[in-house]
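Architecture and fold: a report
Residues per chain, in single letters:
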Amino acid sequence: MFRKASLIIYKQKPAVIQAIEDKISISFVSGFKGGKALIENQKVRDKDILFLHPGPAENLANLVTEDNIKASDTFTKAIIETWELLDEEDQQAFRFDEIAELSIDTKVLENIFPLYFSLIDSVYFKTEQKESQLFFTARSKDEVAALLEKENEKQNEAAIKDAFIKRLRKKNVDLESDAKFLQEIEAFALGKTDKPKYLKEAHVKETIEEAHKLLLDVGFWTMSKNPYPTRHGLSMHSSTSFLDSPPHEDDRIKLEHLAYAIDNEGSTDPDDAIAYDGEHLWIHIADPASTVLPDSAIDKAARNRGATLYIPEGASRMLSEKSLKDYALGLEGENSYSRALSFKIRITEDAAIEDISILKSFVKVKRLSYKEADEQKNSSQLAPLFHLAEKNFIKRKNAGAIQIQFPEASVVLKKNEGADPSVEITALVEYESFALVREMMLLAGEAAARFAFKNNIPFPYVSQEEPDIPKKLPDGLAGQYRLRKSMKARSLGVTPSQHASLGLSFYSQVSSPLRRYSDLVAHQQIRLFLDNKTVLTGDAVLERISQGDAASRAIMRASRESELHWKLVYLLQNPEWEGRGIILEQKGKTAIVFIESLAMEASVHAPKADLNDEIFLRVGKIQLTKLEVQFIEA
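My aim in this report is to walk through the structure given alongside it, one point at a time.

About the thresholds
- Each chain carries its own residue numbering, running from 1 in the direction its sequence is written.
- For a predicted model such as this one, the threshold for reporting local features is a pLDDT of at least 70, and the threshold for listing and counting side-chain atom pairs is 80 or more; totals across whole chains, interfaces and linings nevertheless cover every residue.
- Where side-chain values are given, they derive from all heavy atoms of the structure, hydrogens and water being excluded.
- We count a stretch as a helix when DSSP gives it H or I for four or more residues in a row; a strand needs E for two or more, and each element gets its number in order from the N terminus.
- In this description the radius of gyration comes from C-alpha coordinates, and the expected globular size is given by 2.2 Å times residues to the power 0.38.
- Three labels apply to residues, based on accessible area from a 1.4 Å probe with only protein chains included: buried if under 20% of the type maximum, exposed if over 50%, partly exposed otherwise in between.
- Contacts are assigned to residue pairs with any non-hydrogen atoms lying within 4.5 Å of each other.
- The pairing criterion for strands is at least two bridges between them, as found by DSSP.
- Between N-to-C directions, angles cover 0 to 180 degrees, with each direction set by a line fitted to C-alpha atoms, over the stretch in contact for helices.
- Nonpolar core, defined: a set of buried Ala, Val, Leu, Ile, Met, Phe, Trp, Tyr and Cys residues in which side-chain atoms within 4.5 Å join the residues together.
- Any angle from 65 to 115 degrees is called roughly perpendicular, while one under 35 is roughly parallel, one over 145 is roughly antiparallel, and all others are oblique.
- When residues are sorted by character, Ala, Val, Leu, Ile, Met, Phe, Trp, Tyr, Cys and Pro go into the nonpolar class, Asp, Glu, Lys and Arg into the charged class, and all the rest, Gly among them, into the polar class.
- Nitrogen and oxygen atoms within 3.5 Å of one another constitute a polar contact, given that in protein one can donate a hydrogen and the other can accept it, and given that sequence-neighbouring residues count only through two side-chain atoms.
- What counts as a salt bridge is simple: a side-chain nitrogen of Lys or Arg found within 4 Å of a carboxyl oxygen of Asp or Glu.
- In this scheme, a helix's expected span is set at 1.5 Å multiplied by one less than its residue total.
- Stacked, edge-to-face and tilted are the three classes for Phe, Tyr and Trp ring pairs, Trp counted by its six-membered ring, which pair at centre distances within 6.5 Å; planes under 30 degrees apart are stacked, over 60 edge-to-face, the rest tilted.
- A ring has a charge above it when a Lys NZ or an Arg CZ is no more than 6 Å from the ring centre and no more than 35 degrees off the ring normal.

Looking now at the overall build of the chain. Counting its secondary structure elements, the chain contains 16 helices and 24 strands. Relative to the globule expectation of 26 Å for 634 residues, the C-alpha radius of gyration of the chain, 37 Å, shows a markedly less compact shape. Its C-alpha atoms give the chain principal-axis dimensions of roughly 110 × 65 × 55 Å. Residue burial in the chain is summarised as follows: out of 634 residues, 47% are buried. Of all intrachain contacts in the chain linking residues separated by at least 6 positions in sequence, the fraction that spans at least 24 positions is 66%.

Now for the sheet that holds strand β5 (residues 49–53). Within the open sheet, the five strands sit side by side as β4-β3-β2-β1-β5. Their pairing is antiparallel. Among the strands making up the open sheet, the edge pair consists of β4 (36–44) and β5. Neighbour to neighbour, the strand axes of the sheet diverge by 35 degrees on average, direction disregarded. In this structure, strand β2 (residues 13–20) lies alongside strand β3 (residues 24–33), joined through five bridges in antiparallel fashion. Across the sheet, the residue bridging to A15 is F28, located in β3. Against the sheet, helix α4 (residues 112–121) makes contact with β1 (7–10), β2 and β5, and its axis sits at roughly 45 degrees relative to β1, the strand it touches most.

Here we take up the nonpolar core. In terms of nonpolar packing, the biggest core is built from 40 residues, with I262, L281, I283, F343, I345, M440 and F459 touching the most fellow members. Secondary structure elements with two or more residues in this core: β9 (253–263), β11 (281–286), β14 (337–347), β15 (353–369), α11 (370–375), α12 (383–398), α13 (432–454) and α15 (517–530). Ranked by the residues each element gives to this core, the list is headed by α13, at 11 residues. Sequence-distant contacts of I283, that is, excluding residues within four places in its chain, are made with A273, I274, L341, S342, F343, I345, M440, M441, L443 and A444.

What follows covers the packing of helix α3 (residues 96–103) against α4. Packing of α3 against α4 brings their axes to within 11 Å, and their N-to-C directions diverge by 105 degrees. Here α3 lies roughly perpendicular to α4, going by the angle between them. Contact residues: F96, I99, A100 and S103 in α3; I112, L115, Y116 and L119 in α4. Its residues assigned to classes, the contact of α3 with α4 shows seven nonpolar, one polar and no charged.

Next up on the list: the sheet that holds strand β21 (residues 590–595). Sheet architecture is open: five strands sit in the order β22-β21-β20-β23-β24, paired in antiparallel fashion. Here the strands that pair on one side only, and so sit at the sheet edges, are β22 (600–605) and β24 (628–633). When strand polarity is set aside, the average angle formed by the axes of neighbouring strands in this sheet is 50 degrees. With six bridges joining them, β21 and β22 adopt antiparallel strand pairing. Its bridge partner lying in β22, I595 is registered against M600. Where helix α14 (residues 476–485) meets the sheet, its contacts fall on β20 (578–587), β21 and β22, and the angle it forms with β20 comes to roughly 55 degrees.

We now examine the pairing of β5. Two faces belong to every sheet, and in a regular strand the side chains alternate between them. Of all five residues in β5, five are buried; the element is thus mostly enclosed. Relative to β5, β1 runs antiparallel, the two sharing four bridges. Each bridged residue has a counterpart across the sheet, and for I8 the counterpart in β5 is F51.

On to the side chain of S508, then. By secondary structure assignment, the location of S508 is in the loop between β19 (490–493) and α15. Among the polar contacts made by the side chain of S508, one reaches the main-chain carbonyl oxygen of P460 at a distance of 2.7 Å. When residues no more than four places from it in sequence are discounted, the contact partners of S508 are G445, E446, A449, F459, P460, Y461 and V462.

Okay, the pairing of β3 next. Of all 10 residues that make up β3, seven are buried, and the element is covered over most of its length. Two successive antiparallel strands, β2 and β3, enclose a turn made up of three residues. Between β3 and β4, which follow one another and run antiparallel, lie two residues, and G34 among them has a positive phi close to 60 degrees.

By the definition in use, this model includes 41 salt bridges. Measuring nitrogen to oxygen at the nearest pair gives 2.6 Å for the salt bridge that ties E439 to R396. One end of the pair, E439, is in helix α13; the other, R396, is in helix α12, and 43 residues separate them in sequence. When sorted by exposure, E439 lands in the same class as R396, which is buried. Here R484 ties to E601 by a salt bridge, and the two come within 2.6 Å at their closest N and O atoms. Here R484 is found in helix α14, whereas its partner E601 is found in strand β22, with 117 residues between them in sequence. Taking the relative accessible area as the measure of exposure, R484 reaches 34% and is therefore partly exposed. Connected via shared salt-bridge partners are D251, R252, D287, K360, R527 and D531.

Turning our eyes to something else, we now look at unusual backbone geometry. For the peptide bond that leads from G55 to P56, omega is 5 degrees, which places it in the cis range. Mapped onto the elements of the fold, P56 is located in the loop between β5 and α1 (60–63). One non-glycine residue, Y198, adopts positive backbone phi at about 75 degrees. By secondary structure assignment, the location of Y198 is in the loop between α6 (179–189) and α7 (208–217). Exposure remark for Y198: the relative accessible area of 8% places this residue in the buried category. Its identity as a non-glycine residue notwithstanding, L627 has a phi of 55 degrees, on the positive side. Residue placement: L627 occurs in the loop between β23 (614–623) and β24.

Now for α15. Taking 1.5 Å per residue, 14 residues should reach 20 Å; α15 reaches 20 Å between its end C-alpha atoms and fits that length. α15 sits mainly inside the fold: 12 of its 14 residues count as buried. The set of residues buried in α15 consists of Y517, S518, D519, L520, V521, A522, H523, Q524, Q525, I526, R527 and L528. Of the residues trailing α15, N532 is marked for its positive phi of about 60 degrees.

Looking now at the packing of aromatic side chains. The relation between two aromatic rings is expressed through the spacing of the ring centres and the mutual angle of the planes. One pass over the full model with this rule turns up 16 aromatic pairs. For R252, the ring lying beneath its charged end belongs to F362, and the centroid distance is 5.7 Å. Lying over the aromatic face of Y337, K254 brings its terminal NZ or CZ to 4.7 Å of the ring centre.

So, about the side chain of S224. You can see S224 is positioned in the loop between α7 and α8 (228–231). Among the polar contacts made by the side chain of S224, one reaches the side chain of D420 at a distance of 2.9 Å. Excluding anything up to four places from it in sequence, S224 contacts D420, P421, H565 and W566.

Any link to function would need more than the numbers given here.
Structure, rendered in structure tokens:
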């Protein structure tokens, strides 16, 4: 079949046989330059080539142009006429040279390659390769009609896409008709795919930030679109995994004292409450571990989330909204009982934990805002708790605890009908009851860690190495900033160790099992121990908390980026903003400042400033998609 000067195909490229030895020497077209075919020589095996025509072909370059290695209308017409001649019922397979004889003048060798490329591109014949030959079988009329319809759809789609790209370059899209294409750009901007579409054709840099900017420029997104939770793989909705039946009441003890759940005004998931009965401090914590068992569907869903995501748009809960009525404390009012895991702690005069027992309980809970708790701090119910909190703080401070304080602010979104929400930034009031609740929860964490260690329960301990604090710290916020920079990262593991910055030799977090997965694991271990069941091994606990901690770190990043996003939206909505900054650190002509009214840090040009100096600022350039803002001296 093969002989010198035959026309062949090599890797879908036109070729001619030059010699036949142990291997076949060929010349093939490797490309084009200046309209002329580039010819290369190579030795190949017979199975690597397809026979087309015996030739003889003297000069391959004279037979091939850039245009005739593509499907051609002229040859497609000839193919259609050949197809119409053949009996579709016969289903006979024809070699390429046989189809060629029926379709064209095969003596004109310039026709061979364009016929081949037109034939393999057509819908009229099915192809099958046998050894080094291609065989063609005519398709039925119905098959051809269906394939032509698909081909027309593709051509229409290509034309529609090309028209979209032209509009996209001009940033003049039709949001309704172009939605399908814009959603594919959106998927990249949200981090749902790492394959950008249409950006390169629209002459836009293929980065997630530029995709974000493009969606803003064409009006598909508004500046209120917050992409950061989705980019971190987080859901903007609460978990939907919950129990159909409420928790059973099992062997809970009914407590008669009234406990106080102190939280932000408007909180919808209270999970801790405190009381003092004259002898014991009681810290009552929500008890989801009563029914959220290790490796249950709810437990796995919570582990994948790691924590509840709090952003200005709202909360995406680790446990479902429906579960709150079963687990949260005090939602039904102070005359009803809430299920709790209660820490009964006896404390010495110097705030050392002398004894700890943990009970499954029903407890009456009264809810208070921080403001209300401050107003009632001298009451007979709350005064002893404030006193205990102060003693615990002194104990921790004497043990080396470090307290870092920066002003905080809350970002609130106000809905506007048919428009982006208005952003409000409000400074948080420093209520004394903040410290009360903090110290109570630290006592609960210390007590739980001591209880677990004493009873050999594998447990999620939280530790932190001693910081490298400079010998001389500046005063004011600059000193707090330097102190914060000296802190070491906290560690989560199953080996107890000191938490230096808290001034505690044992510590675990147990106060938020509705919001934080490691806390839930701690409760599950306590629950299994109290029920005389086999607790999880240390390896099992470590595996679970490590997975939950990785997810919670993504939540922290998404929360931080979301808050910054909305602060920049606030500045875009208030372009005349001016505010005070405090110099935290000086680096040459650049200073790090803390902007009190925004509760954010920024770099500014301030060559002559000293630490803790005040500098009045206004907004320069804002790049929302990069989370960058430039402040300049007002």
